[in-house]
Amino acid sequence: MINVIIVIAWRDLLAQLRSRSFLVQTLLLPFILTLLIGNAIGGTRKVDPLPVALVGSGEISQSIGALLEQSGLAKVHGLPDASSAEKAVRTGEATIAVVLPERLESKVLRSDPLEVRILIDPTSHQRGEVVKQLVQGYMQQLEAARAAILGGVRALAPSTAQELQSTLTLIRAKVEKQFQVASIDLQTKEASGRSQGIFAYYAVAFGVMFTLLSATNGAGGVIDELERGTIHRLLAAPVTPVLLLVSKFLALWLLGVWQLGAFAIFSSLIYGVSWGAPLAVLPVLLATAAAAAGFGGIIIGISRSREQLNTLSLVFVLVMSLLGGSMWPLETLPGAAQVLSKFTYNRWSIEAFQLTALGSSDPHLYLATGVLFAMAVVGVVFGSFQLNRRFRQ
Amino acid sequence: MALLMPTLETPRPFFLLMIYGTMLGVVLVVKNLQKRYDKFIAVHDVSFHVQRGEVYGLLGPNGAGKSSTIRVLSCLAKPDSGSVVIDGSDIVQEQAKVKRTIGIVPQDFALYDDFSALENLVFFGRLYGISGRDLKIRAQELLEAVGLLERSHEAVGTFSGGMKRRINIAAGLMHKPKMLYLDEPTVGIDPQSRRKILDLVKTLNASGLTVLYTTHYMEEAEELCHRIGVIDQGKIIAEGTLAQMRQLAGETAPIRLELREPLAASQLEQLKTLVDEIIAEENTLTLFARDPKDALSGILQMLSSFGAHVHHLELDEPDLETVFLKLTGRRLRD
Ligand SMILES: Nc1ncnc2c1ncn2[C@@H]1O[C@H](COP(=O)(O)OP(=O)(O)OP(=O)(O)O)[C@@H](O)[C@H]1O
Ligand SMILES: [Mg+2]
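Quick caveat: nothing in here was measured; it's all calculated off a predicted structure. (Residues numbered from 1 in each chain as written. Chains lettered and ligands numbered in written order. Predicted model: local features only at pLDDT ≥ 70, side-chain atom pairs only at ≥ 80, totals over all residues. Heavy atoms only, no water.)

## Digging into unusual backbone geometry
All names here are of chain B. If you check the backbone angles, N32 has positive phi at about 45 degrees while not being a glycine. Its location among the elements puts N32 in strand 1 (residues 26–37). When its relative accessible area of 38% is taken as the criterion, N32 is described as partly exposed. Even without being glycine, Q233 reaches a positive phi, approximately 50 degrees. Inspection of the secondary structure assignment puts Q233 in the loop between strand 9 (227–232) and strand 10 (235–241). Classification of Q233 as exposed rests on a relative accessible area of 55%. (Helix = DSSP H or I, 4+ residues; strand = E, 2+ residues; numbered from the N terminus. Buried < 20%, exposed > 50% of the residue type's maximum accessible area, 1.4 Å probe, protein only.)

Have a look at this one:
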């Protein structure tokens, strides 16, 4: 019995493997796409530093410059004034310009209002935002430090010069400590922030989309067999309809595992995207592939012919990818789409992989995996029901 | 004793059929078979049996219900009523056993185009649990038998229609069935391939294989089949050996005439007085007369008195076509 299942499923896989489009779709395309996304977004191994124009003089300015350089996110160029900085951003020489007020140190000490201007090239919005946050963070620290200094200074009622001296040393030590801790904190938090997230996101999102696509390919194979009549030869052999269905869906499932596995392997080997711990990733990968097989079942169930299947598949996969976060990030979807996206395979899978990547064991991970398996069951049952009906025609 | 008592689960007719089947060397017994597609009845009330070692022909025009009958006999569709017993096993209750007894060669090529001939055979063989050396040997044997050993590694998709037909047959034989169904195995191929297939069927039969052969070519039925059932509109309308069929046609042999223009109804009426029966299809007439040679001069005289021009005249031996024409008033092929 198991033997027959393996024989049939293996033939299905082999048939897919032999079609040229299959290898293009499952291996070449993931490879190219990974490269493309990787280069467009920056990958994770090496983040090209953004050119940053910095206007300002004095210690604080130098300190901000050093902080940005240190983060690896920015390559800082000093510029003399605001207008030249603005020009640099307009011409693309700099992605972001930070314009600090003149005589910043004395303004800080005199408690004058501070105005820091930041200009960002909108086309590099994502990463510009990171730099902006870095600077803002720094300025907030500066503000806090100033408050502390002022507080300290106001509270000063030194009776001796020595007392004054020691109080100042204390304050200085405190301020310096605060500055340093703050800047280190900022660095680590932001440097491992957004850009990796986006790339890892798309590696997963496209992976899911392609897994759905290969499931429809496999589903097409089943419809072909119904049309050719090979299914009937199988059923005239000692193969019960149930056994046949199990074999067909097993093949679809393995196809999904292969496709998603290809994405996971390429993106992690080439760009070091972490999908998470293998043991955490595997169940989600299996669940996603199963859900894709279930999708194959639904497509088989509603298609009368191969042409119809091809059209329906494309429409379904595109709509689900648009709604389910395979085209743009889930968080950016408008409200209605957020609700609809809960009906897509993409959303649940992407969310689950986001959690495995973070090493999280949030209950939502189990929920998402469970939903994917449930979707798989629904699709397989529906597809089986429909196929079984067609076997008898 | 228990064996002879019908049990509750086995209704009496089934039981009797099984006894009948095993005792008389009958491999297949079809009794009052009916098959419907929704409301349309494709197979009305078909009964026949096939003896061990025989080639039984189901001869009928397009849409007669041949393939529908074969589908039921292949366990691909349940009979709506009636019963089928194959080698002593009921087709509904003992499917697993039945499936190992029969080999099927469907009307359409049921093969994987992107796999080689050998791979196709090996795959179908595996479904029956054949493996290892046996599997290889069996596949090679069959490839040789159908004359495709040299091309065994080529994809079936690149084969000609005739070659595909032959592989289609080989695929049905992998598990050494006792009985083979061949559903119109010569449709759409060249005379040479057809010859090969007919010879193959004869060889297989000579080696002991029982064959159920459907066709709408009467020549094939005449050449191959020990017994023939003529099927039309879901019913067997005549059955017997070729000799019995000829007798059924009686002495009557058809005279086929082609006229330049069709005859008027009144003229046909007049002509009818000279013969037993007339079938008129536009300007083609088929006349049945008890003694065709005697009747002929009178017929031609009458036609010339009508001023009708005879293009073509043919006197046939009574054949299956005649039987079919006589029974249905239609030709086997249109
Ligand atoms: N799946 C189906 N659904 C509905 N009607 C069907 C189906 N299959 C066959 N029929 C009808 O049943 C009748 C018998 O068809 P069948 O295929 O058994 O004929 P056949 O004798 O094999 O003809 P042919 O020589 O053309 O193969 C035909 O009228 C056909 O239209
Ligand atoms: Mg047919």
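Back to the write-up after that little detour.
## Regarding the interface of chain B and chain A
Opposite the 24 residues of chain B that make contact, chain A presents 22 residues. Each partner contributes to the roughly 2,300 Å² buried at the junction of chain B and chain A, and carbon and sulfur atoms together form 58% of this total. Area buried by chain B at its contact with chain A is led by L76, Y112 and L127 of chain B, which between them contribute 26% of it. Remark: the boundary between chain B and chain A carries 2 salt bridges. R18 of chain A serves as the salt-bridge partner of E119 of chain B, at 2.6 Å between the closest nitrogen and oxygen. Remark: the boundary between chain B and chain A carries 10 residue pairs in polar contact (both at pLDDT 80 or more). With 5 residues, helix 4 (residues 117–127) of chain B is the largest single contributor of residues to the side of chain B that touches chain A. In the side of chain B that touches chain A, the residues fall into 13 nonpolar, 3 polar and 8 charged. (Contact = heavy atoms within 4.5 Å. Buried area = accessible area lost by both parts, 1.4 Å probe. Salt bridge = Lys/Arg side-chain N within 4 Å of Asp/Glu carboxyl O. Polar contact = N/O pair within 3.5 Å; in protein donor to acceptor, adjacent residues only side chain to side chain. Nonpolar A, V, L, I, M, F, W, Y, C, P; charged D, E, K, R; others polar.)

## Points about the coordination of the magnesium ion (ligand 2)
Residue and element names in this part refer to chain B. Only S67 (OG) and Q107 (OE1) from the protein reach the magnesium ion (ligand 2) as donors, at distances of 1.9 to 2.0 Å. With S67 in helix 2 (residues 66–73) and Q107 in the loop between strand 6 (102–105) and helix 4, the pair connects residues that are 40 residues apart, well separated along the chain. S67 sits in the partly exposed class, given a relative accessible area of 23%. Classification of Q107 by relative accessible area gives partly exposed; the value is 27%. (Donors = N, O, S within 2.8 Å, 3.2 Å for Na, K, Ca; no water.)

## Here we look at the domain arrangement of chain A
Its domain assignment divides chain A into domain 1 (2–43 + 193–392) and domain 2 (50–160 + 170–178). Look at where the C-alpha atoms of domain 1 of chain A and domain 2 of chain A centre, and you get two points 48 Å apart. (Domains from an automatic or database assignment.)

## As for the pattern of salt bridges
Applying the stated criterion across every chain, the model contains 24 salt bridges over all chains. Put simply, E239 of chain B and R227 of chain B hold a salt bridge, and the shortest N to O gap is 3.9 Å. Taken together, the residues E239 of chain B in strand 10 and R227 of chain B in strand 9 connect sequence positions 12 residues apart. On the accessibility criterion, E239 of chain B (36% relative accessible area) is partly exposed. When salt bridges that share partners are traced, they join R11, D12, E225 and K248 of chain A into one network.

## Notes on the sheet that holds strand 14 (residues 310–315) of chain B
Residue and element names in this part refer to chain B. Across the sheet, which stays open at both edges, the 4 strands sit in the order 12-13-11-14 with antiparallel pairing between neighbours. Since the sheet does not close on itself, it has two edges, and those belong to strand 12 (277–281) and strand 14, each with one partner. Within this sheet the neighbouring strands show an average axis-to-axis angle of 15 degrees, counted without direction. In this structure, strand 11 (residues 253–259) lies alongside strand 14, joined through 5 bridges in antiparallel fashion. Looking across to strand 14, one finds that I255 is bridged to L315. Packing against the sheet, helix 12 (residues 320–328) makes contact with strand 11, strand 12 and strand 13 (284–289), and its axis sits at approximately 95 degrees to strand 13. (Pairing = 2+ DSSP bridges. Axes fitted to C-alpha atoms, helices over the stretch in contact; angles between N-to-C directions.)

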